[in-house]
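Below, each chain spelled out in residue letters.
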Amino acid sequence: ARQGALQALRLLGHHDDAIESNNGFWLRRIYFTYDNTLSDKIAMRFRLEMNSPGDFKTATNLVPFVKDAFLSHKLGRHTLMLGLIGTPLFDNLDEYWGYRPMEKTPIDLFKFGNSREFGIGLKGALDSGSKLTYTVVFGNGAGLKSETNRGKAAYGRLNFQPTPALFFELYADYTDTGSDSSVNIFQAFAGMKGGWGRGGLNFGLRNSRQAGTNSDMKFISLFGVVKAGKKLDLIGR
């Protein structure tokens, strides 16, 4: 039985020869979340996160950090948020893609910007049918870290869903990183879904300006998730 178990482990391979045949038990990511509805219009969230190092060679303790800490207040079709809140960079796209454990969305994978921001935000619907929605956030521009300069960041997103089958998104942000430096991001997404599955086309551009020099990073991504059965999807990206 022992030889059979060792043989099974040998069948598991890795693309990195430096860790070939290594094995062990691992907690990749841990969340602790506390949500509370304080009244009919006011709610709060507090979330801690812990991650194991992803380089397969660093041995360290799982250290928790604050991922979310905010109050939200409903104002009709709108919601006001204050504290350490999520930015509108890729949360909608994560949900539409649906396979983050397999691979992150491109704008997340290439670390274009921050998923969290310390500041104030407003989101809601611009029409009674909630076909046209928006999110705006203004904050420090430091993500989960502490503010160290006078620069600030502004984020904006506009979504349009004319029918249940079609979804469109336009996103832009600007961050003043101090010392005559800045970063701005633009993203566009178009998605279509139905009984057959779903697909999407995504474009992103990140421009970084530092000491008078500019550098761009761009991507274009097409994906499809086709239902091949009740419990089987065919995925390509």
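Here's a quick rundown of the structure. (Residues numbered from 1 in each chain as written. Predicted model: local features only at pLDDT ≥ 70, side-chain atom pairs only at ≥ 80, totals over all residues. Heavy atoms only, no water.)

### Quick notes on the overall build of the protein
The condition that has to hold: We count a stretch as a helix when DSSP gives it H or I for four or more residues in a row; a strand needs E for two or more, and each element gets its number in order from the N terminus. The classification of residues rests on relative accessible area computed with a 1.4 Å probe and restricted to protein chains. Under 20% of the type maximum is buried, over 50% is exposed, and intermediate values are partly exposed. Whether two residues are in contact is decided by their heavy atoms: any pair within 4.5 Å suffices. Only the protein chains shown count as cover for residues, and the accessible areas themselves come from Shrake-Rupley with a 1.4 Å probe. Neither His nor the chain ends is counted toward charge; the positive residues are Lys and Arg and the negative residues Asp and Glu. Charge positions come from single atoms, namely NZ of Lys, CZ of Arg, CG of Asp or CD of Glu.
A count of helices and strands for the protein gives three helices and 12 strands. When its C-alpha atoms are laid out on the principal axes, the protein stretches across 65 × 50 × 45 Å. Counting across all 237 residues of the protein, residues that qualify as buried make up 30%. Once local pairs closer than 6 in sequence are excluded, the contacts in the protein between residues at least 24 apart make up 45%. For the protein, the accessible surface area stands at approximately 15100 Å², while carbon and sulfur atoms represent 59% of it. For the protein, the distance from the average site of its 30 positive side-chain charges to the average site of its 22 negative ones is 4 Å.

### Overview of the sheet that holds strand β9 (residues 181-194)
To be explicit about the condition: Between any two strands, at least two bridges found by DSSP are needed for them to pair. Axis lines are fitted through C-alpha atoms, for helices just across the contact stretch, and the angle between N-to-C directions can take any value from 0 to 180 degrees.
Sheet architecture is open: 12 strands sit in the order β1-β2-β3-β4-β5-β6-β7-β8-β9-β10-β11-β12, paired in antiparallel fashion. Among the strands making up the open sheet, the edge pair consists of β1 (29-37) and β12 (232-236). Recorded for the sheet is a direction-independent mean angle of 15° between the axes of neighbouring strands. Two elements, strand β5 (residues 116-125) and strand β6 (residues 132-139), share seven bridges in a ladder whose sense is antiparallel. Along β6, the bridge assignment pairs Ile 120 with Phe 138.

### A look at empty space enclosed by the protein
Rolling a probe over the atoms, with the probe sized like a water molecule, indicates the empty space that remains. Selection rule: Grid points spaced at 1 Å over the protein atoms alone were grouped into cavities, where a 1.4 Å probe fits but cannot get out, and pockets, open sets with protein on both sides within 12 Å along at least five of seven lines, with lining residues defined by an atom within 4 Å of a point. Grid points are joined across faces, edges and corners, and a volume is the space filled by probe spheres set on the points. Gly is put with the polar residues, along with every residue not named as nonpolar or charged; the nonpolar set is Ala, Val, Leu, Ile, Met, Phe, Trp, Tyr, Cys and Pro, and the charged set is Asp, Glu, Lys and Arg.
Applying the stated criterion across every chain, the model contains one cavity of 30 Å³ or more. Taken as a whole, the largest cavity holds about 70 Å³ of empty space. In this structure, the largest cavity is lined by Leu 93, Trp 97, Thr 105, Pro 106, Phe 189, Asn 202, Ser 221, Phe 223 and Arg 237. Listed by contribution, the elements that provide at least two residues to the lining of the largest cavity are α2 (91-97) and β11 (213-229). The class makeup of the residues in the lining of the largest cavity is five nonpolar, three polar and one charged.

### Focus: the pairing of β11
Alignment of strand β10 (residues 197-210) against β11, held across 14 bridges, turns out to be antiparallel. For Ser 208, the partnering residue across the bridge sits in β11 and is Ser 215. Between β10 and β11, which pair antiparallel one after the other, the connecting turn spans two residues, and Ala 211 there sits at a positive phi close to 55°. The turn joining β11 and β12, which pair antiparallel and follow one another in sequence, is formed by two residues.

### Section: the environment of Tyr 96
Applied cut-off: Under this definition, polar contacts are N or O atom pairs within 3.5 Å; protein pairs additionally need one hydrogen-donor-capable and one acceptor-capable atom, and for neighbouring residues in sequence, both atoms have to be side-chain atoms.
In this structure, Tyr 96 sits in helix α2. Taking the C-alpha atoms as reference points, Tyr 96 and Arg 198, separated by 102 residues in sequence, lie 8.3 Å from one another. With near-sequence residues (within four places) excluded, Tyr 96 lies in contact with Ala 165, Phe 167, Phe 189, Gly 191, Met 192, Lys 193, Arg 198, Gly 199 and Phe 223. One polar contact links the side chain of Tyr 96 to the main-chain amide nitrogen of Met 192, over a distance of 3.0 Å.

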